[in-house]
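# Topology and contacts: notes
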Amino acid sequence: MRVRYVLSEVLTGLWRNVTMTVAMIITMTVSLTMLGASLLLFFQVGKMEDFFYQRVEVSVFLKADVSDDQRSSIESALKSNGLVKSYEHETKDAAWKRFQEQFKDAPDLVAATKPESLPESFRIKLKDPNKVQEFSDQFRTQEGVSDIIDQKQLLKRVFDLLGALQTLALTVAVVQGAAALLLVANTIQVAAYSKRREVAVMKLVGASNWFIQMPFVLEAVFAGLIGAIFAFGALVAAKVFFIDGSLKALTTVLLPVDWGNVWVMLPVLCGAGGLVSAVTAWVTLRFYVRV
């Protein structure tokens, strides 16, 4: 009987303040969607770092007028160097063919680039990717060497950008979350005030504070869970229609987003939405509304 009464009070309260309930659900949806997106981005950045840092190369570019003796000397030094795991010599023709393949979707760029502008190079994989500086110090003074490029430094800039986007998404989620919590607190105060006479009667007949407060707390939890479900639906839609749809070509560079990580978001968002809403409602009733 008590359970039926509490549930009926929850439904009545939600319908009585339907406008504020809808606003609360929308705000929760937006904040939880941003939270889920930032968590997925966090997982993705970590996955990309593990994947790409294990495959980074050091490119030793040769001067345009490098001689055969200088080229042979550089190759001999690479063979005998203890830091080098493997290396590959790329001629100008090979560099031009690779450039054409990589930028085949940008014909204007290919047409504006001359084959002779692409330098000859050695592409090296080190046994320890963290010893690039030591390797560079040894080879930078070699005759015939024009420049040494560490791909890890280039990747670091990309990951720094992704990290900034992650921080931005998390910041927006926190701001939206704060707005959602204020809206939950305000909704609970309005709901409790509208039922102040019923609450007074229930206290006179000996009802416990827990029994009186439970419908208000469940209203907030309901809104939080509905917002979490909508937020999860938004993440699934983004995965299906954008990541695996219109942006599918980028997955060869940015790696695909695992469905496992997406599904993990459902309990995480429901837990966050439900728990935070419940705590906010309880604190509001405890400190601001004497019921």
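Bear in mind the structure is a predicted one, so any value in this text is a computation, not a measurement.

Each value, and the rule that gives it
- Residues numbered from 1 in each chain as written.
- Predicted model: local features only at pLDDT ≥ 70, side-chain atom pairs only at ≥ 80, totals over all residues.
- Heavy atoms only, no water.
- Helix = DSSP H or I, 4+ residues; strand = E, 2+ residues; numbered from the N terminus.
- Buried < 20%, exposed > 50% of the residue type's maximum accessible area, 1.4 Å probe, protein only.
- Contact = heavy atoms within 4.5 Å.
- Areas by Shrake-Rupley, 256 points an atom, 1.4 Å probe, with all protein chains shown as cover.
- Pairing = 2+ DSSP bridges.
- Polar contact = N/O pair within 3.5 Å; in protein donor to acceptor, adjacent residues only side chain to side chain.
- Salt bridge = Lys/Arg side-chain N within 4 Å of Asp/Glu carboxyl O.
- pLDDT = per-residue confidence, 0-100.

### What to know about the overall build of the protein chain
Assigned secondary structure in the protein chain consists of 11 helices and 4 strands. Evaluated residue by residue, the protein chain yields a buried proportion of 38% over its 291 residues. Here the analysis covers contacts within the protein chain between residues at least 6 apart in sequence; of these, 85% occur between residues at least 24 apart. As displayed, the protein chain offers around 17100 Å² of accessible surface, 64% of which is attributable to carbon and sulfur atoms.

### Brief notes about the pairing of strand E3 (residues 121–126)
Burial analysis of E3 places 5 of its 6 residues in the buried class, the great majority of the element. Direction of pairing for strand E1 (residues 58–62) relative to E3: antiparallel, over a ladder of 4 bridges. Bridge assignment links serine 59 to a residue of E3, and that residue is arginine 123. One ladder, built from 6 bridges, connects strand E2 (residues 84–90) with E3; its direction is antiparallel. Paired with tyrosine 87 across the strands is isoleucine 124, a residue of E3.

### What about the side chain of threonine 280?
Of note, threonine 280 is situated in helix H11 (residues 259–287). According to the relative accessible area criterion, threonine 280 is buried, its value standing at 13%. In this structure the side chain of threonine 280 is engaged in a polar contact, spanning 2.7 Å, whose partner is the backbone oxygen of valine 276. Those residues in contact with threonine 280, other than ones at most four positions away along the chain, are Leu181, Val184 and Ala185.

### What to know about the pattern of salt bridges
Taken as a whole, this structure holds 4 salt bridges when the rule is applied. Glutamate 90 is the salt-bridge partner of arginine 123, the closest N and O atoms lying 3.3 Å from each other. Taken together, the positions of arginine 123 in strand E3 and glutamate 90 in strand E2 put the pair 33 residues apart, joining distant regions of the chain. One exposure class covers both arginine 123 and glutamate 90, and it is buried. Taken together, the salt bridges that share partners define one network made up of Asp68, Arg71 and Glu120.

### Considering the confidence of the model for the protein chain
Taken over all residues, the pLDDT of the protein chain has a mean of 77, while the share at 70 or more is 77%. Per-element mean pLDDT across the protein chain ranges from 57 in helix H1 (residues 2–16) up to 87 in helix H3 (residues 68–80).

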